[in-house]
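So the chains spell out like this:
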Amino acid sequence: MDNQFQYHLFAPYRVCPLGAHVDHQHGLVTGFAIDKGVDLWFNVADDSHVHLESRTFEGQIDFDLDAPSQVREGRWGDYARGAKYALRKRFKLKRGITGVIQGSLPIGGLSSSAAVLIAYVMAFAKANDITLQPFEVVKIASEAEREYIGLNNGLLDQACIALGRKDGLLFLDCDSNDWRIIKRNSEMPDFEIGIFYSGLTRSLVNSDYNLRVYECKTAAWNMLAYTEQPLKTFDKTFLRDIPKTTFDKTRIAMPARFARRAEHFYSEYRRVRQGVTAWETGNLKLFGKLSFDSCESSIHNYECGSPELIAIYEIMRSLPGIYGGRFSGAGFKGACIALVDPAHKEEIQRELTARYLAQFPEYERTFQVFWVRPDNGARFVD
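Values in this document were obtained by computation on a predicted structure and should not be read as measured data.

> Just to check I follow, could you spell out the overall build of the protein chain for this structure?
Scanning the protein chain from terminus to terminus reveals 10 helices and 13 strands. Scaling as 2.2 N^0.38, a compact globule of 382 residues should have a C-alpha radius of gyration of about 21 Å, and the protein chain matches this with 21 Å. For the protein chain, the spread of C-alpha atoms along the principal axes amounts to about 60 × 55 × 45 Å. The buried share of the protein chain, taken over its 382 residues, is 58%. Accessible surface computed for the protein chain: about 16,100 Å², of which carbon and sulfur atoms make up 48%.

Here's what the structure looks like:
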């Protein structure tokens, strides 16, 4: 594969142990890039033509980088067109690429769409001699997903994928965009990340993801209205801008569903703060417990999680050797992640598989367990 192509790009998948469903409300988030992801091999074209093949999906993609952006087709090539759309707003693109893309895990919940977008943004930039700082890549890829693909996301996924480091935890404030990598404390025990795939596939754009974003904004609007404060347009309304004391005063007045969404936001903000301190002091046990608590709030306050994911989460809570974990991604099907003591891996895999399939035998062929570790962010491979 390498001999045929001039460049090889790796964009990792990501997991987010704490900071669930709050990036779109400008909350605090944490995350790791992991050692599985998307590989893109490519050559730079002589003209503006882009030709892509996928080892994961069927068909080929052909379009021109210097032509106006086409309407979405609802196929895998939309992500390459989305990267072009966001880059063309900033730069002139003259040279396309010929390439092949391949994902290494066949499952949802790890932000494969964000990894693919970042790979395309970096590849098109390379082909056109554009130098981008990692956080510029984050913003361009996020804009492509919001404005072209149609998913009202925050910056969490792209930040983990572009900025992640093997030896630390990414901590990102989605309001100021300040971020740092918190190095692993030398006292912290070793861990691996278990990914437990329910066997149920999902698409975020067709899930309740966007609906939850609107519910959070409606909760914020309620609080502003009840306290006689001026309303902003929906796109400029975020829970982060409203103090928790305002929520405490107004929660009883608003419909319960909106109060639950806000409760998740404010409690997750507190958990991330506590989790960062736990990580800094090497307290993996407390960090893991907060991740479990985050999932509990995702189920009851944010109201996501299919019966399958909730079953995996409940089994995880009862197994020795699991520090903590939660739904991965938006939590509408996909997978659960867990921070695990490597000494217990085999026992966890055996127990969890047996107990899950006893409840859901229909996923016997599609349920899967993967073991990964934190890794560095998106990069060109020599």
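> What exactly am I supposed to notice about the packing of aromatic side chains here?
Each pair of aromatic rings is reported with the distance of its centres and the angle of its planes. Under the definition given, this model contains 20 aromatic pairs. Relative to Tyr-266, the ring of Phe-265 has its centre 5.3 Å away and its plane inclined at 85°; by these criteria the two rings are edge-to-face. A relative accessible area of 3% places Phe-265 in the buried class. By relative accessible area, Tyr-266 is classed as buried at 8%. Taken together, the ring pairs in this structure connect Phe-32, Phe-191, Trp-279 and Phe-287 into an aromatic cluster. Over the face of the ring belonging to Trp-41 we find Arg-55, whose NZ or CZ atom lies 6.0 Å from the ring centre. Just above the ring of Phe-380 sits the side chain of Lys-126; from NZ or CZ to the centre is 5.0 Å.

> Is there a simple way to think about the packing of helix α9 (residues 307-318) against helix α10 (residues 345-359) in this case?
The angle between the axes and the distance between the axes are what describe a pair of packed helices. Between α9 and α10, whose axes approach to 10 Å, the crossing angle comes to 145°. Seen from above, α9 lies across α10 with right-handed handedness. Mapping the contact onto sequence places Glu-308, Ala-311, Ile-312, Ile-315, Met-316 and Ser-318 in α9 and Leu-352, Arg-355, Tyr-356 and Gln-359 in α10.

> Which parts of the structure should I look at to understand the environment of Ala-83?
The residue Ala-83 is located in helix α1 (residues 78-88) in this model. A residue is classified by how much of its surface remains accessible, and Ala-83, at 0% relative accessible area, is buried. Along the chain, Ala-83 and Leu-211 lie 128 residues apart, while their C-alpha atoms are 25 Å from each other. Not counting chain neighbours up to four residues away, the residues in contact with Ala-83 comprise Leu-117, Tyr-120, Val-121, Phe-124 and Ala-144.

> Honestly, the sheet that holds strand β10 (residues 335-340) in this entry has me stumped. Any pointers?
Pairing between sheet strands relies on hydrogen bonds along the backbone, with the strands arranged either parallel or antiparallel. Strand order in the open sheet made by the 4 strands is β9-β10-β8-β11, with antiparallel pairing throughout. Edge positions in the sheet fall to β9 (322-327) and β11 (368-372), since each of these pairs with one other strand and no more. Strand-to-strand twist in this sheet, taken as the mean axis angle between neighbours without regard to direction, amounts to 20°. Bridge count between strand β8 (residues 192-197) and β10: 6 bridges; the pairing is antiparallel. Paired with Tyr-197 across the two strands is Ala-335, which belongs to β10. Of the strands in this sheet, β8, β9, β10 and β11 touch α10, which is tilted by about 155° from β11.

> Looking at this structure, I do not really get helix α4 (residues 156-163). What am I missing?
Structural remark: α-helix, 3.6 residues per turn; residues separated by three or four positions point the same way. The buried count for α4 comes to 8 of 8 residues, which makes it a mostly enclosed element. If you follow the buried residues of α4, they end up packed against β1 (7-15), β2 (28-44), α2 (112-127), α3 (134-149), β6 (168-173) and β7 (179-183).

> Please explain the layout of surface pockets as it appears in this structure.
Over the atoms a probe the size of a water molecule is rolled, and this reveals where empty space is left. Size it by volume and the second largest pocket reaches roughly 480 Å³. Taken together, 21 residues make up the lining of the second largest pocket; nearest its centre are His-24, His-26, Arg-146, Asn-153 and Phe-238. Contributing elements (two or more residues each) for the lining of the second largest pocket: α3 and α5 (209-226). Looking at which element gives the most residues to the lining of the second largest pocket, the answer is α3, with 4 residues.

> Quick question: what am I supposed to make of the packing of helix α8 (residues 284-300) against α9 here?
α9 packs onto α8 with a crossing angle of 150° between their chain directions and a minimal axis gap of 11 Å. Judged by the angle between their axes, α8 and α9 are roughly antiparallel. The way α8 lies across α9 gives a crossing that is left-handed. Together, Phe-292, Asp-293, Cys-295, Glu-296 and Ile-299 of α8 and Ile-310, Tyr-313, Met-316 and Arg-317 of α9 make up the contact between the two elements. Residue classes in the contact of α8 with α9 are distributed as 6 nonpolar, no polar and 3 charged.

> When you look at a negative patch on the surface in this model, what are you seeing that I'm missing?
A grouping of Asp-46, Asp-47, Asp-64 and Asp-66 is seen on the molecular surface, where their side chains present a negatively charged patch. Its location among the elements puts Asp-47 in the loop between β2 and β3 (49-54).

> Help me out: how do you make sense of the environment of Glu-280 in this one?
With respect to the secondary-structure elements, Glu-280 resides in helix α7 (residues 256-280). Residue classification places Glu-280 among the partly exposed residues on the basis of a relative accessible area of 36%. With 98 residues separating them in the primary sequence, Glu-280 and Ala-378 have C-alpha atoms 25 Å apart. If we ignore the near neighbours within four places in the chain, the residues touching Glu-280 are Arg-180, Ile-182 and Asn-185.

What counts and what doesn't
Each chain has its residues counted from 1, running along the sequence as written. pLDDT decides what is reported in this predicted model: residues at 70 or higher carry local features, side-chain atom pairs at 80 or more are listed and counted, and totals for whole chains, interfaces and linings draw on all residues regardless. Note that the side-chain values use all heavy atoms of the structure and ignore hydrogens as well as water. Only DSSP runs of H or I reaching four residues or more are called helices, and only runs of E reaching two or more are called strands; each is numbered from the N terminus. Throughout, radius of gyration means the C-alpha value; the globule benchmark is 2.2 Å times the number of residues raised to the power 0.38. Relative accessibility under 20% of the residue-type maximum defines a buried residue, over 50% an exposed one, and the middle range a partly exposed one, all with a 1.4 Å probe and only protein chains included. Residue exposure ignores everything except the shown protein chains as possible cover, and the areas themselves are Shrake-Rupley values with a 1.4 Å probe. Aromatic contacts are taken between Phe, Tyr and Trp rings whose centres are within 6.5 Å, Trp giving its six-membered ring; a plane angle under 30 degrees counts as stacked, one over 60 as edge-to-face, and the others as tilted. Look at NZ for Lys and CZ for Arg. If either is within 6 Å of the ring centre and within 35 degrees of the ring normal, a charge sits over the ring. Only the stretch in contact is used when fitting a helix axis, every axis being a line fitted to C-alpha atoms; angles between N-to-C directions are given from 0 to 180 degrees. Two helices that cross are described as forming a left-handed crossing if the nearer one is turned anticlockwise from the farther one by less than a right angle, and a right-handed crossing if clockwise. Residue contacts follow a heavy-atom distance rule, with two residues in contact if any of their heavy atoms lie within 4.5 Å. A pair of strands is treated as paired once DSSP finds two or more bridges between them. Using only the protein atoms, space was sampled on a 1 Å grid; points where a 1.4 Å probe fits but cannot get out form cavities, open sets with protein on both sides within 12 Å along at least five of seven lines form pockets, and lining residues are those with an atom within 4 Å of a point. Grid points are joined across faces, edges and corners, and a volume is the space filled by probe spheres set on the points. Reported orientations rely on four angle classes, namely roughly parallel under 35 degrees, roughly antiparallel over 145, roughly perpendicular from 65 to 115, and oblique for the rest. Charged means Asp, Glu, Lys or Arg here, nonpolar means Ala, Val, Leu, Ile, Met, Phe, Trp, Tyr, Cys or Pro, and polar covers whatever is left, Gly included. A patch is a set of surface residues, each over 30% in relative accessible area and not in a salt bridge, joined within 9 Å for like charges and within 5 Å for the nonpolar side chains Val, Leu, Ile, Met, Phe, Trp and Tyr. Salt bridges are counted wherever a side-chain nitrogen of Lys or Arg sits within 4 Å of a carboxyl oxygen of Asp or Glu. Charge convention: Lys and Arg are scored as positive, Asp and Glu as negative, and His as well as the terminal groups of each chain are ignored. Taken as the charge centre is NZ of Lys, CZ of Arg, CG of Asp or CD of Glu, depending on the residue.

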